[in-house]
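# Chain and residue survey
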Amino acid sequence: MENNAIITIKDLTKTFPMGKSSFTALEGINLSLGTGEFSGLIGPSGSGKTTLLNIIGSLDTPTSGEALVLGHSIGELSAKQAARLRKESLGFIFQSYNLLSVHTVFENVEFPLLLLKMGADERKKMVMDALEWVGLTEKVKSKPPQLSGGECQRVAIARAMVKKPSLVLADEPTANLDAANSHNILQTMLKLNKELNTTFLFATHDEKVIGYLRRKIYLLDGKFEKEERVGEDEVELKEVESGRRLSK
Amino acid sequence: MKTALKLAFRNLIGAGLRTWLNVLVLSFSFVVIIWMNGLMAGWDYQAKTDMTNWQIGGGQYWHEQYDPYDPFTLTESHAPVPAGFSDELARGTMEPILVVQGTIYPEGRMQPVAITGIRPGQEILMIPTFALDTVVTDAVPAVIGAVLSRNMQVKEGDRLTMRWRDANGMFDATEILVIKVFSSNVPAVEAGQIYIPLEKLRSMTLLEDEATLVTFSDSEKERQDAGEWVHKSKDELTAPVDEIIKTKTVGQSVFYGILLLLAMLAVFDTQVLSIFRRQKEIGTYIALGYTRREVVGLFTVEGAMHSVLAAVVAALYGFPFLWWQAREGWTMPIEASEFGMAMAQTLYPVYSAGLVIATVLIVVLVTTIVSYLPSRKIAKMNPTEALRGRIQ
Ligand SMILES: Nc1ncnc2c1ncn2[C@@H]1O[C@H](COP(=O)(O)OP(=O)(O)OP(=O)(O)O)[C@@H](O)[C@H]1O
Ligand SMILES: [Mg+2]
């Protein structure tokens, strides 16, 4: 798995200026993530999960150390190159969905394909495929304000997945959802992970999410704390359990 | 760019009422600017046409001493009409006009006037000189303009004493009978002038065959034999109209400048608010693969698109309105003759393609600039903070 690493982080440190001094949000992080992993950054509030996810997503840069994502060193990319990396290879899922509220479900999911300058026919097919993955083909014409939270997050997943990116970064995707919806979207993501071999990296402290992860990377106060790996069978088992729990 | 246009359009339409309010104000600017400029162009055209019809014909030859703004030149500014004009004089394509300084006494008051001798049968100017072709035994028939009539309380059928000096400087006086009062839109022909038959004036002043100016109908014709007489083309004679209209236009620009400013404030305000309220959206665009500069572009296009929508809306109600105005004209609420310049009571706006295109270009350009200025702020945003909507 180390040979086909999609993310390699070496001695990464991130400090934010705080008035005259500075605040260290991440310190000495080393991490390697392989293709097809379903993993998560876990830790209490303020432990640096979002900060690390943002750096991996090329929305921020490391203060020192290196973050290699799909062969690109994040700190050395120009604004244009970083945008291109996000446009072509990364998908984002946010806690608060971040859908474009005046656009329809179809248009929201279509957006990444517009940026890739795809033809209308191809776009339409891919959008409908993505909406099928998340089970929202009925709602193409709806606008986000007319959808439930769970539906919104499924649209966001479709938007992140529609271009079949190599890596999906999901920051607290279930924080605004109830248990049933949380399980539902996690199942969806797990299914896509298996079918498309897309790498998922979460940031979360939600036990429901943690239960699905095959690799759990614990952060504490900006430092690596520990790591746990779970065999595939155990995850399957948990899926069944959660399914049972839901049906009760 | 195509993507930005598409997105900007969706965002703009999606913003609903606010967009349409801005668009309405902007479209109003479009229509008012085009209408007011059209009105000015129409006035210019009309004033020139009226001047041509009533005052100057196809152009004039002036006696070299003649200066219409200085009545004292009138004593010197007359001479026999050049012999080379006789053909045209006979055909009526040229009309000699003799102007002599005189005085009338309406109700005992003293009023200086320009006594204008003109052939009753002339057909170049619209002044109803045919009325002078009346046989009056005990007075000189005269035609006057409505302004003079109003100012001096003189009506058709009134008799007045008129005094003048002949070629030898001797004073003489006679009675005139006002046969007709005419209205034109040209104050210069209506005020301070009394029209009497040319031959009558010539004999009264002992200036046989002389004239002060000669009006002609054919402006194209080349004439070599004018002697000392100064040729005045139609363009030269109507140039003061352009000057007046230009001054007026400057005044009007202030008005629609203010209107445009209001529209721009509305767009600017919307942009500033957008950038503040839509931080998360901005962060999302960046996360999905836009650079910050591309987001600046998107927001600029979005703001500028207000003016494009406004042009469409303006066309919807502006076209019928402007067309109706061009047909029915715009009647001024105040007496036009009070302006003291060539102006009809009802103005008919004239629109040119150039006017419409220039207006659209200017409004689109200004809207784009006003949209761009606040959007520049996006280029300095931190995408991770924008995503959290944290920027104040
Ligand atoms: N732009 C910034 N400027 C200063 N400090 C920051 C900035 N961004 C994050 N921090 C700080 O860095 C630390 C880590 O923040 P981060 O958002 O990564 O935490 P997190 O693990 O995602 O927490 P949560 O579970 O609450 O989302 C926090 O103490 C936070 O206050
Ligand atoms: Mg966080």
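Residues numbered from 1 in each chain as written. Chains lettered and ligands numbered in written order. Predicted model: local features only at pLDDT ≥ 70, side-chain atom pairs only at ≥ 80, totals over all residues. Heavy atoms only, no water.

### A closer look at the overall build of chain B
Of the regular secondary structure elements, chain B holds 11 helices and 13 strands. The C-alpha radius of gyration of chain B comes to 32 Å, more than 25% above the 21 Å expected for a compact globule of 392 residues. If you line up chain B on its principal axes, its C-alpha atoms span 100 × 45 × 35 Å. Out of the 392 residues belonging to chain B, those deemed buried represent 51%. Looking at chain B alone, contacts between residues at least 24 apart form 76% of all its contacts between residues at least 6 apart. (Helix = DSSP H or I, 4+ residues; strand = E, 2+ residues; numbered from the N terminus. Rg over C-alpha atoms; globule rule 2.2 N^0.38 Å. Buried < 20%, exposed > 50% of the residue type's maximum accessible area, 1.4 Å probe, protein only. Contact = heavy atoms within 4.5 Å.)

### With respect to the domain arrangement of chain B
Annotation of chain B at the domain level lists domain 1 (2-52 + 240-387) and domain 2 (59-218). For domain 1 of chain B versus domain 2 of chain B, the distance between C-alpha centres works out to 52 Å. (Domains from an automatic or database assignment.)

### Here's the deal with unusual backbone geometry
Residue and element names in this part refer to chain A. Positive phi outside glycine occurs at Ser 58, with the angle close to 60°. Assessed through its relative accessible area of 8%, Ser 58 is described here as buried. The phi torsion at Leu 70 lies on the positive side, around 50°, for a residue other than glycine. If you trace the backbone, Leu 70 turns up in the loop between β4 (64-69) and β5 (72-73). You can call Leu 70 partly exposed: its relative accessible area is 30%.

### Brief notes about the pairing of strand β1 (residues 59-62) of chain B
Residues and elements named next belong to chain B. Burial of β1 is two-sided: the residues Gly 59 and Tyr 61 facing one way and the residues Gln 60 and Trp 62 facing the other way are all buried. Relative to strand β11 (residues 230-233), β1 is paired through 4 bridges, and the arrangement is antiparallel. Bridge pairing links Gln 60 to Lys 232 in β11. (Pairing = 2+ DSSP bridges.)

### Let's talk about the nonpolar core
Judged by nonpolar contacts, the single largest core of 106 residues is most densely connected at Ile 9, Leu 52 and Ile 56 of chain A. In terms of residue count, helix α2 (residues 17-56) of chain B provides more of this core than any other element does, 16 residues in total. Three or more residues apiece are contributed to this core by two domains, here domain 1 (2-52 + 240-387) and domain 2 (59-218) of chain B. If sequence neighbours within four positions are ignored, Ile 9 of chain A has contacts with Ile 29, Asn 30, Leu 31, Leu 52, Ile 56, Glu 66 and Ala 67 of chain A. The next biggest cluster of nonpolar side chains, apart from the first, holds 42 residues, and it includes Phe 38, Leu 136, Ala 158 and Leu 190 of chain A. (Core = buried A, V, L, I, M, F, W, Y, C linked by side-chain atoms within 4.5 Å.)

### Considering the packing of helix α3 (residues 105-115) of chain A against helix α1 (residues 2-14) of chain B
At a closest axis distance of 11 Å, the pairing of α3 of chain A and α1 of chain B adopts a crossing angle of 160°. Taken together, the axes of α3 of chain A and α1 of chain B lie roughly antiparallel to each other. In this structure, the crossing between α3 of chain A and α1 of chain B has a hand that is left-handed. Between α3 of chain A and α1 of chain B, the contacting residues are Glu 107, Glu 110, Phe 111, Leu 114 and Leu 115 of chain A on the first element and Thr 3, Lys 6, Leu 7 and Arg 10 of chain B on the second. Taken together, the residues that form the contact of α3 of chain A with α1 of chain B break down as 4 nonpolar, 1 polar and 4 charged. (Axes fitted to C-alpha atoms, helices over the stretch in contact; angles between N-to-C directions. Parallel < 35°, antiparallel > 145°, perpendicular 65-115°, else oblique. Left-handed = near helix turned anticlockwise from the far one by under 90°. Nonpolar A, V, L, I, M, F, W, Y, C, P; charged D, E, K, R; others polar.)

### A closer look at the pattern of salt bridges
Tallied over the entire structure, the rule returns 26 salt bridges over all chains. Residue Arg 10 of chain B is joined to Glu 107 of chain A by a salt bridge in which the shortest nitrogen-to-oxygen separation is 3.2 Å. Here the residue Arg 10 of chain B occupies a position in helix α1, and Glu 107 of chain A occupies one in helix α3, the pair thus bridging two chains. A relative accessible area of 15% places Arg 10 of chain B in the buried class. Ionic pairing is found between Lys 155 of chain B and Asp 158 of chain B, a salt bridge with its closest N-O pair at 3.9 Å. Exposure remark for Lys 155 of chain B: the relative accessible area of 55% places this residue in the exposed category. (Salt bridge = Lys/Arg side-chain N within 4 Å of Asp/Glu carboxyl O.)

### Considering the packing of helix α8 (residues 279-287) of chain B against helix α9 (residues 292-328) of chain B
Residues and elements named next belong to chain B. One can describe the packing of α8 onto α9 by two numbers: an axis separation of 9 Å at closest approach and a directional angle of 125°. On the basis of the axis angle, α8 is oblique to α9. When you trace α8 past α9, the crossing you get is right-handed. Of α9, the residues touching α8 (which contributes Ile 282, Tyr 285 and Ile 286) are Arg 292, Val 295, Leu 298 and Phe 299. Each residue belonging to the contact of α8 with α9 can be placed in one class, and the counts come to 6 nonpolar, no polar and 1 charged.

### Concerning the confidence of the model for chain A
Predicted confidence across chain A gives a mean pLDDT of 89, with 92% of residues reaching 70 or more. Taken as a whole, residues 239-248 of chain A scores under 50 in pLDDT and shows 10 contacts with residues more than four places along the chain or in a different chain. (pLDDT = per-residue confidence, 0-100.)

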